[in-house]
Amino acid sequence: MINIQLENGRINLEGLDGIADHLKALAVTNKTLDSIKASLESADDKSSEWYRRATAAHKAWFWMRSRICERLAILRREEKELNRMRDKFEKEELLDLLSKQQSKADLRTFRILAEAKAEQRLQEILNQAVKNV
């Protein structure tokens, strides 16, 4: 894994690869923003050059944090979609293997049982949700 920070301390947005890098960059960004914010809040001279530069740095880091969050959201959606596709393919393959091992009548029975159990689980979750409201 490459270093996510450049020599000047900023995040190397182009070098971030995957969710883990983005989460690490987000942690660094949040820590830096907290530090800058604390410094700004404790500053006595709010008209000084230092204060102006610190404010600009805070804006830049805030922008960087927004970019990281946007990219992280996209990566998470892509991961979710991949997981859905993987699950679908696994179910299709399982059904194919079962259909080679079992008769059509047995498969229909299994499907009816599975549907009934799924409906029961759904009802339990819905009932629990209604109780928690």
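Above this text sits the structure in question.
Before going into details, it helps to say that this report is about the structure given with it. By convention here, each chain's residues receive numbers from 1 onward along its written sequence. Confidence filtering applies because this is a predicted model: local features only for residues at pLDDT of at least 70, side-chain atom pairs given and counted only at 80 or more, and all residues used for totals across whole chains, interfaces and linings. Just so you know, side-chain values use all the structure's heavy atoms and leave hydrogens and water out.

### Some points on helix H2 (residues 49-101)
Look at H2: 77 Å from first C-alpha to last across 53 residues, which is about the 78 Å you get at 1.5 Å a residue. The rule is simple: take the accessible area with a 1.4 Å probe, protein chains only, and divide by the maximum for that residue type; under 20% is buried, over 50% is exposed, in between is partly exposed. Each helix is a run of H or I in the DSSP string that is no shorter than four residues. Each strand is a run of E no shorter than two, and both are numbered from the N terminus. Residues of H2 that are buried include every one of Tyr51, Ala54, Ala60, Trp61, Met64, Ile68 and Leu72, and no others. On its buried side, H2 packs onto helix H1 (18-42). For a helix, the expected span equals 1.5 Å multiplied by the residue count minus one. By definition in these notes, contact holds between two residues if any of their heavy atoms fall within 4.5 Å.

### Quick notes on the layout of surface pockets
The definitions used throughout rest on a 1 Å grid laid over the protein atoms alone, on which a cavity is an enclosed set of points accommodating a 1.4 Å probe that cannot get out and a pocket is an open set flanked by protein within 12 Å on both sides along at least five of seven lines; lining residues are those having an atom within 4 Å of a point. Grid points are joined across faces, edges and corners, and a volume is the space filled by probe spheres set on the points. In this structure, the largest pocket encloses a volume near 400 Å³. Around the largest pocket, the lining residues are Lys91, Leu94, Leu95, Leu98, Lys104, Leu107, Arg108, Phe110, Arg111 and Ala114. Of all the elements in the fold, those that place two or more residues in the lining of the largest pocket are H2 and helix H3 (104-132). Broken down by element, the residue count for the lining of the largest pocket peaks at six residues, all from H3.

### Quick look at the pattern of salt bridges
What counts as a salt bridge is simple: a side-chain nitrogen of Lys or Arg found within 4 Å of a carboxyl oxygen of Asp or Glu. Applying the stated criterion across every chain yields a total of five salt bridges. In this structure, the salt-bridge partner of Arg84 is Glu81, at a minimum N-O distance of 2.9 Å. Pair noted here: Arg84 and Glu81 are both in helix H2, with a separation of three residues, about one helical turn. Residue class for Glu81 comes out partly exposed when judged on its relative accessible area of 37%. For Lys88, the salt bridge identified is with Glu92, shortest N-O distance 3.6 Å. In this pair, Lys88 and Glu92 both sit in helix H2, four residues apart, roughly one turn of the helix. Take Lys88: its relative accessible area is 47%, and that puts it in the partly exposed class. Glu92 gets classed as partly exposed once you look at its relative accessible area, which sits at 40%.

Note that all results are geometric; they support no functional claim without further evidence.
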